[in-house]
Amino acid sequence: MTNRELDEDANPISHEHADVSGGRVRAATFGAMDGLVTNISLVAGVGGAGASSHTIVLSGVAGLIAGAFSMALGEFTSVSTQNEQLDAEVAVERNEIEKNPHGELDELIDMLTDMGMTESTATTAANEIHADPEGAVNVHITHELGVAPSDKPSPWVAAISSFIMFAIGGIVPLIPYLLGFSSLILGLSVGAVGLLIAGGVAAYVTRHPIVRGAVRQLCFGVIAAGATYLVGLAIGVPAGG
């Protein structure tokens, strides 16, 4: 048994990285935050105008549905466009390797030496990589663009995640009204709790301080809700409305 095998047995390598490709986690987090802030602000604005509970619920549900579809369609289009752009760059790189293999080989050697390899090691590694044309394309794209062609996020996963999480976030400030209460303060308070939880969860997932993440998200929500409340208060509900 080699020393490396002994080391691996004694200290097994075991760690995982979060998905940072921009698919499910990003879309879900952004969707939940957006749903919370959007509907808390909507409730604050309509409530500040003096609208009835029924009008607040109607506005909130309409905003939830419209926002969820908007988020889902936006995420689908954004991720699809990102993937299509990556595919186009892969095609360009593949064509360059076919037309100018020696130039691309030299470019890879330079990249590997910049990473700390000796020139002889980099040359050997680059030649082995270029022995597989598709593998060479992937290595060039990963080093030049910072993204791996094999790790493209799914536009469907991003769209569905953002739709569901926006809807969940958007329903939170409406919960008191749906349970029969008519207090704007209660609705906004429930929304504030939702912001704290969402901010804390997002901070936990990204390995940042949970309290800071929670408070930061609450502050963002307060700013948005405060602005729309003042607008609603200034406009008000028309007489007889």
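Scroll up to find the structure this text is about.
So, here is what we can say about the structure in this document. Counting restarts for each chain, with residues numbered from 1 along the sequence as it is written. With the structure being a predicted model, the display of local features is reserved for residues of pLDDT at least 70 and the display and counting of side-chain atom pairs for 80 or more, all residues being used for whole-chain, interface and lining totals. Where side-chain values are given, they derive from all heavy atoms of the structure, hydrogens and water being excluded.

### Topic: unusual backbone geometry
No. 1: Positive phi outside glycine occurs at Arg207, with the angle close to 60°.
No. 2: In this fold, Arg207 is placed in the loop between helix 9 (184–205) and helix 10 (210–235).
No. 3: Think of it in three bands: with a 1.4 Å probe and only protein chains considered, a residue is buried below 20% of the maximum accessible area for its type, exposed above 50%, and partly exposed in between. We classify Arg207 as exposed; its relative accessible area is 65%. We count a stretch as a helix when DSSP gives it H or I for four or more residues in a row; a strand needs E for two or more, and each element gets its number in order from the N terminus.

### Considerations on the packing of helix 4 (residues 101–114) against helix 5 (residues 119–130)
No. 1: Angles here are taken between N-to-C directions and fall from 0 to 180 degrees, while the axes themselves are lines fitted to C-alpha atoms, restricted in helices to the stretch in contact. Axis separation between helix 4 and helix 5 bottoms out at 8 Å; the angle between their running directions is 135°. Between helix 4 and helix 5, the angle falls in the class oblique. Remark: the crossing between helix 4 and helix 5 carries right-handed chirality. Seen from helix 4, the contacting residues are Pro101, Glu104, Leu105, Leu108, Ile109, Leu112 and Thr113; seen from helix 5, they are Glu119, Ala122, Thr123, Ala125, Ala126, Asn127, Ile129 and His130.
No. 2: Here the contact of helix 4 with helix 5 is composed, by residue class, of 9 nonpolar, 4 polar and 2 charged. Orientation is classified from the angle alone, with under 35 degrees giving roughly parallel, over 145 giving roughly antiparallel, 65 to 115 giving roughly perpendicular, and any other angle giving oblique. Definitions for this section: a left-handed crossing has its near helix turned counterclockwise from the far helix by less than a right angle. A right-handed crossing has that turn clockwise. Residue contacts are counted whenever heavy atoms from the two residues lie within 4.5 Å of one another. Here the term charged refers only to Asp, Glu, Lys and Arg, the term nonpolar to Ala, Val, Leu, Ile, Met, Phe, Trp, Tyr, Cys and Pro, and the term polar to all other amino acids, Gly among them.

### A word on the pattern of salt bridges
No. 1: Put simply, a salt bridge is a Lys or Arg side-chain nitrogen that is within 4 Å of an Asp or Glu carboxyl oxygen. Within this structure, the stated rule accounts for 2 salt bridges.
No. 2: One salt bridge connects Asp87 with Lys152, and the closest N-O pair in it is separated by 2.8 Å. Of this pair, Asp87 sits in helix 3 (residues 53–99) while Lys152 sits in the loop between helix 6 (133–145) and helix 7 (155–171), placing them 65 residues apart in sequence.
No. 3: Residue Asp87 is classed as partly exposed on the basis of its relative accessible area, which comes to 38%.
No. 4: Since its relative accessible area comes to 35%, Lys152 is described here as partly exposed.
No. 5: For Glu134, the salt bridge goes to Arg94, with nearest N and O atoms at 2.8 Å. Of this pair, Glu134 sits in helix 6 while Arg94 sits in helix 3, placing them 40 residues apart in sequence.
No. 6: Residue classification places Glu134 among the partly exposed residues on the basis of a relative accessible area of 39%.

### Thoughts on the packing of helix 3 against helix 4
No. 1: The interhelical angle for the contact between helix 3 and helix 4, taken along N-to-C directions, is 115°, at an axis separation of 5 Å. As far as their axial angle goes, helix 4 and helix 3 are roughly perpendicular. Where helix 3 approaches helix 4, its residues Glu93, Glu96, Ile97, Glu98 and Lys99 are matched on the opposing element by Pro101, Glu104 and Glu107.
No. 2: For the contact of helix 3 with helix 4, the class distribution of residues is 2 nonpolar, no polar and 6 charged.

### With respect to the packing of aromatic side chains
Aromatic ring pairs are described here by two measures, namely the spacing of the ring centres and the angle between the planes.
No. 1: Pairing of aromatic rings covers Phe, Tyr and the six-membered ring of Trp, with a centre-to-centre limit of 6.5 Å; geometry is then stacked below 30 degrees between planes, edge-to-face above 60, and tilted otherwise. Considering all chains together, one arrives at 2 aromatic pairs under this definition.
No. 2: Look at Phe69 and Phe163: their rings are 5.0 Å apart centre to centre, the planes differ by 75°, and that puts the pair in the edge-to-face class. In this pair, Phe69 is assigned in helix 3 and Phe163 in helix 7, connecting sequence segments 94 residues apart.
No. 3: Judged by its relative accessible area of 47%, Phe69 is partly exposed.
No. 4: Residues Phe76 and Trp156 carry aromatic rings whose centres are separated by 4.9 Å and whose planes lie at 65° to one another, so their mutual orientation is edge-to-face. Of this pair, Phe76 sits in helix 3 while Trp156 sits in helix 7, and the two are 80 residues apart along the sequence.

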